[in-house]
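In case you want the letters, here they are:
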Amino acid sequence: MHQDNAAQWIEVALAVRVFGPDVFRLLRRMLAAGVRIGISGLVGGARHSAKPPYKPSYKPPYKPPYKPSCKHGGRCD
């Protein structure tokens, strides 16, 4: 009976030794993700205000890019 009990404890110790680092790494990543989500929720909630962000209604007309003429170093065809 004692040998079975000892064998079970050895198996448990081996499993902890083999899978322990992965379990701790997974828990640490989950904790870090939870902290990031919590911080983004706090920061995101603080940015909202009653006033909507400013958007100008005036849009400047389209201006094509500058192309130099023959007199200013451009190509003359």
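For the structure itself, consult the block above.
Because the structure is a prediction, the values reported are computed rather than measured.

Caption draft 1: Spotlight on the pattern of salt bridges. All told, the structure shown has one salt bridge when counted by the stated rule. Between Arg25 and Asp22 there is a salt bridge, with the nearest N and O atoms lying 3.1 Å from each other. With Arg25 and Asp22 both in helix H1 (residues 2-47) and three residues apart, this pair spans about one turn of that helix. You can call Arg25 partly exposed: its relative accessible area is 47%.

Caption draft 2: Main features of a nonpolar patch on the surface. Taken together, the side chains of Leu14, Val18, Phe19, Val23, Phe24, Leu26, Leu27 and Met30 make up a nonpolar region of the molecular surface, amounting to roughly 850 Å² of accessible area. For Met30, the position within the fold is in helix H1.

Thresholds, definitions, all that
Residues numbered from 1 in each chain as written. Predicted model: local features only at pLDDT ≥ 70, side-chain atom pairs only at ≥ 80, totals over all residues. Heavy atoms only, no water. Salt bridge = Lys/Arg side-chain N within 4 Å of Asp/Glu carboxyl O. Helix = DSSP H or I, 4+ residues; strand = E, 2+ residues; numbered from the N terminus. Buried < 20%, exposed > 50% of the residue type's maximum accessible area, 1.4 Å probe, protein only. Patch = residues over 30% accessible without salt bridge, like charges linked within 9 Å, V, L, I, M, F, W, Y side chains within 5 Å. Areas by Shrake-Rupley, 256 points an atom, 1.4 Å probe, with all protein chains shown as cover.

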